[in-house]
Amino acid sequence: MIKKTCQLLCVILISSLSVMKTDGFYVNITYVKSAMDIGAVCLDGSPPAYHWDMGSGSGTNNWLVHIEGGGWCNNVFTCLARSVTRLGSSNQMLEQVAFSGILHNQAQYNPDFYNWNKIKVRYCDGASFTGDVDKVNPKNNLHFRGARIFRAVIEDLLAKGMNNSENAILSGCSAGGLASILHCDNFKSYFPTSTTVKCLSDAGYFINSKDLFGQRRLEAFYDDVVNIHGSAKILPSSCTSKMKYSLCFFPKNVVQEIETPLFIINAAYDSWQLKNALAPGVVDPHGKWHHCKVDIEQCSSGQLEIIQEFRLEFLRALDGFFGTSSPRGMFINSCYAHCQTEIQETWFMSDSPMLNNKVTWARPVYSLINESK
C-alpha cells in the first residue's frame, strides 16, 4: 500500500531562502555537442548541458536525473531576453554549479541518494522541455527545441551507463518539477522493464488560480508559451484531446493518466505562485502586497485571508491525485517556500523542518518513494 501522506506540517515560515547558508560541492558542466546534429539546442542555438556527479558503491547503478527550474518565456521579446542568459544559452552557464540537498554527495546531508549518479539538467529552452518547432526565424535566431533537448540528454546519459540502471528517478524543481510530470511516462519508456522508474516533482504543481483581479493570469501566460514553442504535440494527448492545450500545463489535468509512479513535494503556500500568479506586480500597482510577498509575517489580516484561500484552492487541486492504479505519494507542507529538495536547509540538516518533531522530512519522502517497489 502506498502511503497517502498529505499533512500540513511545517510551522516555520521561510520568507527568504536566499539568505540561508549552503553546504554543497561543485560539479563540472558537460556539453552535449552531439545534440546539435538533431537540432536539440538552447534558445540561442547553443548545445544543451548537464552536470554529473558519478555514483559509487551501492549507488553505481542508481540514477537521479534532476531538472533545473527557471520559469518560462512566452513571446519573442521574453524569449530573446532569456536567450542571452544561462536560462537560454549554455554559453552563459557557469562551468561549475553547487550540488546540495537531494544532490549532495555526503550521507550526513543526503542519506538516501548521496552515492547515486546525480544529474542536474540545465534548463535553457523556456517551456519545460516541451517545445519543438522546426523553423528558425533568421531575424531572431530563436530555437524552440526543448523536447529535442530532453531526448538528447537522456540518450546521452543512457549511452554513459544509465541504460544499466537498477533504479532511475526523474525529478525537478519548479518549471523543472513540471517537466518531471509532463515527461514522466516518456522518461520511463527509455528503460527496460527490469529498471524501477519513478518521478518526483518539487514545486512543480502549479494551479490555475485567479489573481487579485479575478483573472486566470497563468493560464493566459501558458496560452502564449504553448503557441510560440509549439508544445501541443509534446503535451500528453490524453489531455490535449479533451481541453485546450494550455490547460495541459497544469498538473491537475494530466496526473491521472500518468502510469509511472509519481510523487510530489510542494508547499501549500507556494511562494512563487503567491507572488506571480496571485499577486503579481501588474495587479498591485501601489505595492500594497510588496512587504507581504517578501515576508509573510508582514501581511495584513485581509491579505492572510486571501493567502489562506489560495492554500485551500491548492489542496482542492490535489483531489483525484490518488484516483489511479499507479503508485502515488505526496508531501504537502505549510512552508512559505518554493523548491525544497535542492536546498540543504529544507532537505536534510539538524535544524531542518521536522516531521512530528522527530525526523527531517527527507527520510519519509524517501520511504514514500521506496514503498512502491
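Residues numbered from 1 in each chain as written. Predicted model: local features only at pLDDT ≥ 70, side-chain atom pairs only at ≥ 80, totals over all residues. Heavy atoms only, no water.

**Remarks on the overall build of the protein**
- When you go through the protein residue by residue, the secondary structure sums to 11 helices and 11 strands.
- Expressed as a percentage of the 373 residues in the protein, the buried residues total 57%.
- Long-range contacts, defined here as pairs at least 24 residues apart, represent 76% of the contacts in the protein between residues at least 6 apart. (Helix = DSSP H or I, 4+ residues; strand = E, 2+ residues; numbered from the N terminus. Buried < 20%, exposed > 50% of the residue type's maximum accessible area, 1.4 Å probe, protein only. Contact = heavy atoms within 4.5 Å.)

**Comments concerning the confidence of the model for the protein**
- Confidence in the prediction for the protein averages 90 pLDDT; 88% of positions are at 70 or higher.
- Residue range residues 1–22 is modelled with pLDDT below 50. Its contacts to residues more than four positions away, or to other chains, number 58 contacts. (pLDDT = per-residue confidence, 0-100.)

**Some details on the sheet that holds strand β7 (residues 196–202)**
- Taken in spatial order, the 9 strands line up as β4-β1-β2-β5-β3-β6-β7-β8-β9 in an open sheet, and their pairing is mixed. Whereas interior strands pair on both sides, the edge strands pair on one side only; in this sheet they are β4 (96–99) and β9 (328–333). Neighbour to neighbour, the strand axes of the sheet diverge by 25 degrees on average, direction disregarded.
- Here strand β6 (residues 167–173) pairs with β7 via 7 bridges, running parallel. Of the residues in β7, the one forming a bridge with Ile169 is Lys198.
- Across the sheet, helix α3 (residues 175–182) lies against β3 (62–67), β6, β7 and β8 (262–267), angled at about 140 degrees from β6, the strand it touches most. (Pairing = 2+ DSSP bridges. Axes fitted to C-alpha atoms, helices over the stretch in contact; angles between N-to-C directions.)

**A few points about the state of the cysteines**
- Overall, the coordinates contain 6 disulfides when judged by the stated rule.
- The disulfide partner of Cys184 is Cys199, and the gap between their sulfur atoms is 2.2 Å. Disulfide Cys184-Cys199: the torsion about the S-S bond is 105 degrees, which places it as right-handed. You can see Cys184 sitting in helix α4 (residues 184–188) and its partner Cys199 sitting in strand β7, a full 15 residues away along the chain. Per residue, the accessibility class of Cys184 equals that of Cys199, and both read buried.
- Between the sulfur of Cys239 and that of Cys248 lies a disulfide, 2.1 Å long from S to S. (Disulfide = S-S within 2.5 Å.)

**Examining helix α5 (residues 217–229)**
- With 13 residues, α5 extends 19 Å between its outermost C-alpha atoms, agreeing within 8% with the 18 Å of an ideal straight helix rising 1.5 Å per residue.
- For α5, the set of buried residues is Leu218, Glu219, Tyr222, Val225, Val226, Ile228 and His229.
- Residues of α5 that are buried sit in contact with α1 (76–82), α3 and α7 (271–278).
- After α5 finishes, the residue Gly230 shows a positive phi value of roughly 65 degrees. (Expected span 1.5 Å × (residues − 1).)

**Regarding the side chain of His229**
- By the element assignment, His229 lies in helix α5.
- Assessed through its relative accessible area of 0%, His229 is described here as buried.
- Side-chain polar atoms of His229 contact the backbone oxygen of Gly126, separated by 3.5 Å.
- Leaving out residues up to four positions away in the same chain, His229 has contacts with Leu43, Cys73, Cys79, Asp125, Gly126, Ala127, Gly131, Asp132, Val133 and Phe144. (Polar contact = N/O pair within 3.5 Å; in protein donor to acceptor, adjacent residues only side chain to side chain.)

**Quick word on the pattern of salt bridges**
- One pass over the full model with this rule turns up 10 salt bridges.
- Across the pair Asp156 and Lys160 runs a salt bridge, and its minimum N-O distance is 3.1 Å.
- Judged by relative accessible area, which is 37%, Lys160 ranks as partly exposed. (Salt bridge = Lys/Arg side-chain N within 4 Å of Asp/Glu carboxyl O.)

**Observations concerning helix α2 (residues 146–159)**
- With 14 residues, α2 ought to run about 20 Å at 1.5 Å a step, and its terminal C-alpha atoms sit 20 Å apart, in line with that.
- Of all the 14 residues making up α2, 11 are buried; the element is thus mostly covered by neighbouring parts of the structure.
- Along its buried surface, α2 packs onto β2 (49–53), β3, β5 (117–121), β6 and α4.
- Following α2 by one or two positions, Gly161 has its phi on the positive side, about 120 degrees.

**Some remarks on the packing of α7 against helix α9 (residues 301–316)**
- Closest axis-to-axis distance for the α7/α9 pair is 12 Å, and the angle between their directions is 110 degrees. In terms of their interaxial angle, α7 and α9 are classed as roughly perpendicular. Each of Gln273, Leu274 and Leu278 in α7 lies in contact with α9, whose residues at this interface are Ile306, Ile307, Phe310 and Phe314.
- For the contact of α7 with α9, the per-class residue count stands at 6 nonpolar, 1 polar and no charged. (Parallel < 35°, antiparallel > 145°, perpendicular 65-115°, else oblique. Nonpolar A, V, L, I, M, F, W, Y, C, P; charged D, E, K, R; others polar.)

**What about the nonpolar core?**
- In terms of nonpolar packing, the biggest core is built from 76 residues, with Val65, Trp72, Met162, Phe187 and Tyr222 touching the most fellow members.
- When residues of this core are assigned to their parent elements, the largest contribution, 7 residues, is made by α2.
- Residues within four places of Phe187 in sequence aside, it is in contact with Val65, Phe150, Ile154, Met162, Ala168, Ile169, Leu170 and Val197.
- Counting residues in each nonpolar core, the second largest holds 16 residues, with Val97, Ile102, Leu103 and Phe263 among its members. (Core = buried A, V, L, I, M, F, W, Y, C linked by side-chain atoms within 4.5 Å.)

**Side note on unusual backbone geometry**
- The backbone of Phe129 sits at a positive phi, close to 60 degrees, despite the residue not being glycine.
- Mapped onto the elements, Phe129 comes out in the loop between β5 and α2.
- In this structure, Ala203 is a non-glycine residue whose phi angle is positive, near 60 degrees.
- According to the relative accessible area criterion, Ala203 is buried, its value standing at 2%.

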